[in-house]
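# Descriptive structure summary
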Amino acid sequence: MTKPVAIPEPRQPVLARPSDSFARLTPLGWTGGLIFIVALLAASFILAGYFVVYWRTADMDFMVVYSALLLNDGQPAFFPHPAYFTVLGVKLWFQVLHHFNLLDTSSLSRMPPATDRLAFDAAMTSVIRAARVVAWMTATSFVVVFAGLARWLVRDWRVATLATFAFAFSGGVEFHTRVLRSEMIAGCLIIFALMILIAVSRRRTIWRPLAIAAAAMLCVLGLENKIHAILLIAALPLLILPFGGPASASNEFWSNSARAWLATLTMALVAGLLLRAALPLIALGLDPTTAMPSLHPLLLGKFGVYQLGLLAWIGAGMLTFAMVRRVCLAETFAAIFAVIAGASLGLLALFIEYNPSNVVVVLNPIEEMMTFADQSAASAIDSGNPFAAIGLFLSGVASVLQRYTFVLFTSPRPTVFLTWLIVPGIVYAWRRGERQTATQSALLMLCAIAIDSLGIRRGLKVEYFIFTDPLIIIAGMVLLDQMNDLRFHKWAYPIGVALVALHIGVSQAEPIKMVTARRGPERICEWSQYYLPLLPMPWCELPAKRP
């Protein structure tokens, strides 16, 4: 009797599991990765920042320190940007260090005379280094806040980690980690406002009006530190529109007419009280002839024209979002009142160290910006010819696109390498049906290009990158979060490694240049008499200009 012989089935080939590039790029986990990023920032600051000779980055370092020393002497201080919170932070830090006997020169009256060169150099070294610590602490704190908001925005913590790394080692953050500038606080506060608005636009929550109030307050606080932030604020209503979805409709609480309208009425009362408290500041800003007679209105010979237009633009954006995303009428009005309350509360911060000139500059930012514009921009505005202004803007766009290639115009800005992936990523997302994601990223990129194009009029210096680098990073983060399957692509890991290396290498170009520079301090003499009238420099021949 024969038995059937079992024929073994052919072995199926074992398919190799695709490698997860995101996991390989973030081996330390969320907390470990954030600690590693902060440690790298600290090392970069110590090696190429803290110990650099005190006059190497004298531009705003000296101006901010001078203002802080003046305030600690009880004297008024004004800076056109106006660097309000930067100066206040340095002022407070000097007081803390002096209280613990860690800083002798905490006020201008304690500064040695310029004739005693050794004592003057020692004192200036101590105050500049102390102020640089403020810059490092500010940058590090903002990186941590960005990380938290990024984690809130995206589903995958690995995407948030990579975005945080790109932000921490972007040209703007790296520059501001070791140099006192007004742009860091201004740009980051408004970017944080944008991230909050994006997050709450996607979620129905009872607390959404309060989040909108916080975003409005952050925008005004940012404007108070750097008036150029007005450009980014004006872009927010447009940037928020493509975000959201079915979950953006109002929470059930806001559908309950009695409770919802009671909450709206409460928000209206709070907004009214805060607006009434801020009215003296607003009145001063709309009639600045007494506090700053040299300032001239931009439009129609009156102050406040474009400011009203900006308010109308913000209101129109909120109403449009409410209609498209089915937000209840009660919540819509509560959100409008929340904007008024948050903006008014932010404006009241100017009373911390009241100076009428600060109020005028903050409430008339474009007029003040025009005083620093180059001759071509000033001529285009003064001529009243819109085609001249459009021509300048288009030439700025061409110059920005040239810079984004990096090959045609190099710069210490590693974020431009992200644009090489984001632009084709937008096209890819659109073609595979992710139209909303493509629109979101495209608007963020277009906004970055537009703001950079206006910054060309002042050379698009590295300090201005902080306004637009985060927009580019958020655009990439949005794409990666929605197209998460790209992490298994065979080229994902080598591209990710290349981007990490480029961010670390290119971002350190300016710090290395700062350390190895050989120029002397004489270049500040041309402006020191105006911005440092009571603090003569020992290497300048002309005496200090007295007020």
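Along every chain, residues carry numbers that run from 1 in the direction the sequence is written. Where local features are concerned, this predicted model is filtered to residues with pLDDT of at least 70; where side-chain atom pairs are given and counted, the filter is 80 or more; whole-chain, interface and lining totals use all residues. Excluded from the side-chain calculations are hydrogens and water; all other atoms, namely the structure's heavy atoms, are used.

### Details of the environment of A247
- Each helix corresponds to a stretch of at least 4 residues labelled H or I by DSSP, and each strand to a stretch of at least 2 residues labelled E; elements are numbered beginning at the N terminus. Within the fold, A247 resides in the loop between α10 (230-240) and α11 (252-255).
- Burial here depends on accessible area, computed with a 1.4 Å probe over protein chains only, as a share of the maximum for the residue type. Under 20% is buried, over 50% is exposed, and the range in between is partly exposed. Accessibility expressed as a relative area gives 34% for A247, which makes it partly exposed.
- Taking the C-alpha atoms as reference points, A247 and I504, 257 residues apart in sequence, are found 38 Å from one another.

### Here's the deal with the packing of aromatic side chains
- Aromatic rings from Phe, Tyr and Trp, taking only the six-membered ring of Trp, are treated as a pair when their centres fall within 6.5 Å; an angle between ring planes under 30 degrees marks them as stacked, one over 60 as edge-to-face, and anything in between as tilted. For the coordinates displayed, the defined rule picks out 17 aromatic pairs.
- For the ring pair Y84 and F85, a centre distance of 5.0 Å and an interplane angle of 75° mean the geometry is edge-to-face.
- Centre to centre, the rings of Y530 and Y531 are 4.9 Å apart; their planes meet at 90°, and the pair counts as edge-to-face.
- Following the ring pairs from residue to residue traces out a cluster consisting of F45, Y50, F51 and W136.
- Positioned above the aromatic ring of W30 is the side chain of R151, whose terminal nitrogen or guanidinium carbon lies 5.0 Å from the ring centre. Cation placement over rings: the criterion is NZ of Lys or CZ of Arg within 6 Å of the ring centroid and within 35° of the ring normal.

### Remarks on unusual backbone geometry
- Cis peptide bonds are those with omega within 30 degrees of zero, and the linkage from H81 to P82 qualifies with 5°.
- Positionally, P82 belongs in the loop between α3 (58-72) and α4 (84-99).
- Despite not being glycine, A83 shows a phi value in the positive range, around 55°.
- In this fold, A83 is placed in the loop between α3 and α4.
- Judged by its relative accessible area of 0%, A83 falls in the buried class.
- Its identity as a non-glycine residue notwithstanding, F406 has a phi of 65°, on the positive side.
- By the element assignment, F406 lies in the loop between α18 (386-404) and α19 (416-431).
- In this structure F406 comes out as buried when scored by relative accessible area, which is 18%.

### Details of helix α13 (residues 305-324)
- For α13, which comprises 20 residues, the first-to-last C-alpha distance of 29 Å matches the rise-based estimate of 28 Å (1.5 Å per residue) to within 8%.
- For α13, the full list of buried residues reads Y306, Q307, L310, G317, M318, F321 and A322.
- What makes two residues a contact is simply this: any of their non-hydrogen atoms within 4.5 Å. Close packing links the buried residues of α13 with α8 (183-201), α10, α14 (329-348), α15 (356-363) and α16 (365-370).
- Following α13 by one or two positions, R326 adopts a phi angle in the positive range, close to 55°. A helix's residues, less one, multiplied by 1.5 Å, set its expected span.

### Looking at the state of the cysteines
- By disulfide we mean two sulfur atoms from cysteines, separated by a distance within 2.5 Å. Applying the stated criterion across every chain yields a total of one disulfide.
- Put simply, C525 and C540 are joined by a disulfide, and their sulfur atoms are 2.0 Å apart. Disulfide C525-C540: torsion about the S-S bond near -90°, hence left-handed. On the criterion of sequence distance, the pair formed by C525 in helix α24 (residues 525-531) and C540 in the segment after α24 is long-range, its members being 15 residues apart.
- Left unpaired, C219 is separated from the closest cysteine sulfur, that of C447, by 12 Å.

### Details of the environment of M323
- Within the secondary structure, M323 is located in helix α13.
- Taking the C-alpha atoms as reference points, M323 and A249, separated by 74 residues in sequence, lie 9.7 Å from one another.

### Considerations on the packing of helix α6 (residues 157-168) against helix α21 (residues 465-482)
- It is the contact of α6 with α21, at a shortest axis distance of 10 Å, that shows an interaxial angle of 160°. With respect to their mutual orientation, α6 and α21 come out roughly antiparallel. Of the two elements, α6 crosses α21, and the hand of that crossing is right-handed. Along the contact surface, α6 presents V159, A163, A166 and F167, while α21 presents I466, P470, I473, M477, L480 and D481.
- Side-chain classes are defined by residue name, with Ala, Val, Leu, Ile, Met, Phe, Trp, Tyr, Cys and Pro counting as nonpolar, Asp, Glu, Lys and Arg as charged, and the others, Gly among them, as polar. Here the contact of α6 with α21 is composed, by residue class, of nine nonpolar, no polar and one charged. Axis definition: a line fitted to C-alpha atoms, limited for helices to the stretch in contact. Angles are taken between N-to-C directions and run from 0 to 180 degrees. Each angle gets one of four labels, with under 35 degrees taken as roughly parallel, over 145 as roughly antiparallel, 65 to 115 as roughly perpendicular, and the rest as oblique. Each helix crossing is assigned a hand: it is left-handed if the near helix lies turned anticlockwise from the far helix by less than a right angle, otherwise right-handed if that turn is clockwise.

### Some points on the nonpolar core
- Membership of the largest hydrophobic core comes to 161 residues, with the highest contact counts inside it found for F62, F94 and L471.
- Apart from residues no more than four positions distant in its own chain, L471 is found in contact with I191, L194, L232, L239, L444, C447, A448 and I451.
- We define a nonpolar core as any set of buried Ala, Val, Leu, Ile, Met, Phe, Trp, Tyr and Cys residues linked to one another through side-chain atoms lying within 4.5 Å. With five residues, the next largest nonpolar core counts F253, W254, A260 and A330 among its residues.

### Some words on the packing of α19 against helix α22 (residues 492-507)
- Contact geometry of α19 with α22 gives a least axis separation of 9 Å together with a crossing angle of 150°. Comparing the axis directions of α19 and α22 gives the class roughly antiparallel. When α19 is examined against α22, the residues F417, L418 and L421 are found in contact with a partner set consisting of I495, L499, L502, H503 and V506.
- Looking at the contact of α19 with α22, its residues break down into seven nonpolar, one polar and no charged.

### Comments concerning the environment of Y84
- Secondary-structure assignment places Y84 in helix α4.
- A 3.5 Å cut-off defines polar contacts: any pair of N or O atoms within that distance qualifies, except that in protein one atom must be a possible hydrogen donor and the other a possible acceptor, and neighbouring residues in sequence count only when both atoms are side-chain atoms. Of the polar contacts made by the side chain of Y84, one reaches the backbone oxygen of L350; its length is 3.2 Å.

### Quick word on a nonpolar patch on the surface
- Patch membership is restricted to residues that have no salt bridge and whose relative accessible area is over 30%. Joining uses 9 Å for like charges and 5 Å for the nonpolar side chains Val, Leu, Ile, Met, Phe, Trp and Tyr. The Shrake-Rupley method, run with a 1.4 Å probe sphere, supplies the accessible areas, and residue values consider only the shown protein chains as cover. Every case where a carboxyl oxygen of Asp or Glu lies within 4 Å of a side-chain nitrogen of Lys or Arg is listed as a salt bridge. A surface patch of nonpolar side chains, about 730 Å² in accessible area, is lined by V407, L408, F409, W420, L421, W491 and I495.
- Locating I495 in the fold gives a position in helix α22.

### Examining the pattern of salt bridges
- In total, this model carries 17 salt bridges according to the counting rule given.
- R178 serves as the salt-bridge partner of E174, at 2.7 Å between the closest nitrogen and oxygen. No difference in accessibility class separates E174 from R178, as the two residues are buried.
- Here K461 and E463 are joined by a salt bridge, their closest N and O atoms 3.8 Å apart.
- Under the relative-accessibility criterion, K461 is labelled partly exposed at 30%.
- Judged by relative accessible area, which is 7%, E463 ranks as buried.
- Salt bridges here are not isolated pairs; linked through shared partners, they connect D59, R181, E183, K226, K461 and E463.

### Quick notes on α14
- For α14, built from 20 residues, the straight-helix expectation of 28 Å at 1.5 Å per residue is met to within 8% by its first-to-last C-alpha distance of 29 Å.
- Next to the buried residues of α14 lie α9 (208-225), α11, α12 (257-286), α13 and α15.

### Brief notes about the side chain of D61
- Mapped onto the elements of the fold, D61 is located in helix α3.
- The class for D61 is buried, based on a relative accessible area of 0%.
- Within the structure, D61 has its side chain in polar contact with the side chain of T57 (distance 2.6 Å).
- The contact partners of D61, leaving out residues within four places of it in the chain, are I128, R132, V179 and L180.

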